[in-house]
Structures are given as C-alpha cells and as structure tokens.
Amino acid sequence: METVGAEVSLLGFGGMRFPTKEDGRIDRVKASEMLDYALANGVNYFDTAYYYHDSESEDFYGEALSRHDRDSFYLATKLPVWEVKEQADVRKFVEEQLRRLRTDHIDFYLLHALDKGRWENVVQLDVLSALEELRAEGKIRYIGFSFHDSYEVFEEIIKVRKWDFCQIQFNYMDTEEQAGMKGYKLTEELGIPLVIMEPVRGGALANLSPDLNEKFAKLNNDATTASYALRWVGSLPNVKVILSGMSSMEQVQDNLNTFADFKPLNDAEYAVIEEVAAEMKSRVQNGCTGCSYCMPCPFGVNIPECFKRWNQYHIYRSYGVIGFAWDGMPVEQKPAACRECGKCESVCPQKISIRADLKRVAADIDGRIWK
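This one's a predicted model, so the numbers in the text were calculated from it and none came from an experiment.

Draft legend 1. Spatial organisation of the nonpolar core. In this structure, Phe13, Phe46, Leu111, Leu131, Phe145, Trp163 and Tyr172 are the most contacted members of the largest nonpolar core, which totals 85 residues. If you tally residues by element for this core, the top one is helix H10 (residues 225–234), at 6 residues. If sequence neighbours within four positions are ignored, Phe145 has contacts with Leu110, Leu111, Leu114, Phe154, Ile157, Ile158, Trp163, Phe165, Cys166 and Gln167. Core analysis: the next-biggest nonpolar cluster, separate from the first, contains 21 residues, Cys294, Tyr319, Met329 and Cys348 among them.

Draft legend 2. Region of interest: the environment of Arg309. Topologically, Arg309 is positioned in helix H13 (residues 303–316). Judged by relative accessible area, Arg309 falls into the buried class, the value being 14%. Spatially, the C-alpha atoms of Arg309 and Ile322 are 6.0 Å apart, while their sequence positions differ by 13 residues. Residues within four places of Arg309 in sequence aside, it is in contact with Ile322, Ala325, Trp326 and Ile365.

Draft legend 3. Region of interest: the environment of Glu177. Relative to the helices and strands, Glu177 is located in the loop between strand S6 (166–169) and helix H8 (180–190). Sequence separation between Glu177 and His105 is 72 residues; the distance between their C-alpha atoms is 34 Å.

Draft legend 4. Just the packing of aromatic side chains, in detail. Counted under the stated rule, the structure contains 24 aromatic pairs. When the centroid spacing of 5.9 Å and the interplanar angle of 70° are considered together, the rings of Tyr74 and Phe108 count as edge-to-face. Of this pair, Tyr74 sits in strand S3 (residues 74–79) while Phe108 sits in strand S4 (residues 106–114), placing them 34 residues apart in sequence. Residue class for Tyr74 comes out buried when judged on its relative accessible area of 18%. For Phe108, a relative accessible area of 0% puts it in the buried group. In textbook terms, an aromatic cluster arises when at least three aromatic residues are bridged by ring pairs, as seen for Phe13, Phe18, Phe46, Phe60, Tyr61 and Phe73. Above the face of the Trp163 ring, Arg161 is positioned so that its terminal group lies 5.2 Å from the ring centre. Here the guanidinium or amino end of Arg368 rests over the ring plane of Tyr319, the centre of that ring lying 3.6 Å away.

Draft legend 5. Structural context of the state of the cysteines. What the rule picks out here adds up to 0 disulfides. Cysteine Cys288 is unpaired, with the sulfur of Cys294 as its nearest cysteine sulfur at 6.3 Å. This cysteine, Cys344, is not joined by any disulfide, and Cys341 carries the nearest cysteine sulfur, 6.0 Å off.

Draft legend 6. Up close: the pattern of salt bridges. The final tally for this structure, using the stated rule, is 33 salt bridges. For the salt bridge of Glu269 with Arg231, the shortest nitrogen-to-oxygen distance reads 2.9 Å. Residue Glu269 is found in helix H12 (residues 267–281), and its partner Arg231 is found in helix H10; the two are separated by 38 residues along the sequence. Taken as a pair, Glu269 and Arg231 share a single burial class, namely buried. Three or more residues joined by partner-sharing salt bridges are found here, namely Arg25, Arg28, Glu56, Asp59, Glu63 and Arg102.

The rules behind each value
Residues numbered from 1 in each chain as written. Predicted model: local features only at pLDDT ≥ 70, side-chain atom pairs only at ≥ 80, totals over all residues. Heavy atoms only, no water. Core = buried A, V, L, I, M, F, W, Y, C linked by side-chain atoms within 4.5 Å. Buried < 20%, exposed > 50% of the residue type's maximum accessible area, 1.4 Å probe, protein only. Helix = DSSP H or I, 4+ residues; strand = E, 2+ residues; numbered from the N terminus. Contact = heavy atoms within 4.5 Å. Phe/Tyr/Trp six-rings, centres within 6.5 Å; stacked < 30°, edge-to-face > 60°. Lys NZ or Arg CZ within 6 Å of the ring centre and 35° of its normal. Disulfide = S-S within 2.5 Å. Salt bridge = Lys/Arg side-chain N within 4 Å of Asp/Glu carboxyl O.

Shown next as structure tokens:
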C-alpha cells in the first residue's frame with residue numbers, strides 16, 4: 001500500500017477457512033504447509049480476527065508464522081467492537097491478540113465489521129483515541145476498518161478521518177450491495193487503499209453451473225472459474241490486497257497461478273463476466289455469504305449451510321448438485337428446527353430476512369422447485 005509505505009502482496013491469506021479436523025479444530029499440519037508455501041511464493045499479507053475459527057485462528061497464526069522472519073510478512077487482525085463496553089477494553093483486546101499472535105506489533109488493525117450501530121459505539125467510547133495511543137507505543141501500525149452496511153453508512157465512516165486503509169466485501173456480484181462500486185470509487189477519490197474480502201463470494205463464484213463455467217472455459221481452458229472473480233477485483237487500481245480464505249493446498253496453488261503474473265481483465269473477459277453476472281443474479285435467492293455471524297442458532301439450525309445449498313440449488317437448477325450434502329444434513333440443522341426467535345436477523349451483516357427465507361428453503365428444495 002503505497003500511501004502507508006507497506007509493500008503488500010496483491011493476494012492475501014484469509015484466516016477464516018483453514019482446513020479442519022473432525023473435531024472442528026484447525027488442522028495445523030495442513031494449514032502450516034499452506035502458509036509456508038504461500039510465503040515462499042510471495043504472499044506476505046495474513047489476515048485474521050479475534051473470533052475466527054472459534055477464536056483459534058490468531059493462535060494458529062502465531063504458532064505457524066513465528067517460524068518465519070517477522071519482517072517477511074504483515075499481520076492483520078481485528079477488534080471485535082461489539083465486545084467493547086468501555087475504552088479500556090480496546091487495550092485489553094490488543095494485548096491479548098499480541099500474545100496470541102506471538103508478536104510485539106500488529107501491522108494492520110481493523111475495527112471489525114462496522115455497521116451504523118457499531119460505529120456509534122466506537123464514536124461514543126472514543127475507540128480511535130485508544131488505538132492512536134497503542135499506535136504511538138508501536139503495538140499497532142496502520143488503522144482501518146472492515147465494513148458491512150449500506151453505502152450511506154460507509155460514506156459517513158470513511159469521511160471521518162484519513163484512514164490508513166479499509167476493507168470491504170466486493171466482487172462482480174456485489175457491485176450494488178453494501179459499499180459496492182460507489183464505495184470503491186469513493187476510496188479511490190479519497191486515496192484510501194482497499195483490502196477486499198469475499199472476492200469469490202464465499203466460494204459461490206468458484207464453480208458455477210456447467211453452462212456458465214463453459215463461458216469461462218471458452219476464454220481459456222486452463223484458467224479456473226474462480227480466477228476470473230479474483231482478476232475482476234484485482235483489475236481495479238485502488239485494490240491493494242485481495243483476501244482469499246483458502247482451505248486446501250490446491251486452492252493456494254490455483255490462486256498463486258492467478259497472481260504470479262497478474263494480468264488485468266481484457267474487454268472480452270469483462271463482457272463474459274457481465275453476461276455471467278446477469279444470469280447469476282437472476283437465480284440467486286438471497287445474499288448470504290456464509291460469514292456465520294448468525295451462528296450459533298439457539299435451536300441448532302445451520303443457517304449458512306441451508307442458504308448455501310438453497311442458492312446453489314437455484315443457481316445450478318439441479319437437485320443433484322446439492323443432494324448428497326442436503327440428504328446428509330441432520331434434520332435438526334434444517335429449516336424445520338427454526339423457532340423464529342429472530343436472534344440471527346439482529347446480527348446478519350447482509351440484513352437478510354432469515355426466518356422467512358428458511359421457510360422458502362424448505363418449500364423449494366423439498367418441492368423440487370427452482371426459478
């Protein structure tokens with residue numbers, strides 16, 4: 001990021017989707033191999049957050065990256081602002097995160113998942129003053145925020161100060177969602193570098209229906225469908241880091257192939273993406289990205305999984321692509337277990353009408369209906 005003097009890699013490693021063992025814990029052997037390989041091949045930006053992987057992600061990063069020269073990579077993590085009840089909590093979190101990460105400083109520190117309500121809490125408690133104190137002590141270096149709300153809220157937050165950077169959800173399906181393309185253009189105008197999350201929309205843009213995959217294959221049979229989503233974001237000049245939550249060595253290698261000799265999209269590729277996006281948008285039922293902020297459900301419903309399979313069902317227009325996963329899903333995790341308490345909707349970054357959509361999931365999949 002030229003404006004802050006950090007030479008970051010365009011591909012960043014997201015710490016939210018590491019491979020896991022049967023007990024749900026991070027498979028540290030496999031994940032460490034992936035990190036080592038990424039580092040050896042030019043990736044130097046590693047992103048995590050306090051609660052990722054049930055609060056294990058920071059500790060894993062600390063263990064895995066402590067074997068490497070600290071000057072060879074940048075660490076990014078986030079303050080869970082919804083847990084900050086008084087200004088002193090900011091320092092408590094940062095000190096704990098430094099211990100977890102086994103480091104004396106955090107390079108990129110973000111206010112996590114800001115929306116209107118959380119931003120009001122940040123202002124009321126003067127959280128930014130506490131972060132500036134920690135920066136003066138050398139414990140954090142660059143201050144930014146990640147964001148999930150409307151463009152209007154984004155504009156309010158980003159104009160408050162000259163942020164070192166900010167992080168938004170952005171991909172070729174989300175140009176009019178949250179900050180969207182208007183938000184991107186505003187960061188360009190203000191000279192605030194962008195980190196991008198959800199460039200492949202939680203994996204939804206990695207493997208499309210056969211007819212849509214074929215459109216990309218005709219452009220280049222050796223390139224994966226996911227690579228076009230990544231290149232769409234990377235072709236924008238103010239995008240400095242593109243985060244990918246990689247779950248396997250194959251994903252690491254494919255992403256490295258995309259970024260090793262990065263080429264912006266050409267006109268023919270843009271045209272195909274626009275065509276594919278239009279078709280996709282006509283099929284997707286809701287905007288769930290699988291972030292899991294709605295979890296755990298008090299009654300056991302696996303909300304992200306239900307929506308993932310529902311959207312896949314409509315995108316592919318085939319029960320076959322979801323049948324194995326849906327049939328194997330415990331009944332207590334399916335929509336019928338929902339008691340409509342509404343807890344999930346109060347924390348959903350996408351503002352989805354989860355209770356109503358769960359009813360639609362059951363009706364569509366059980367009735368073998370698609371649109």
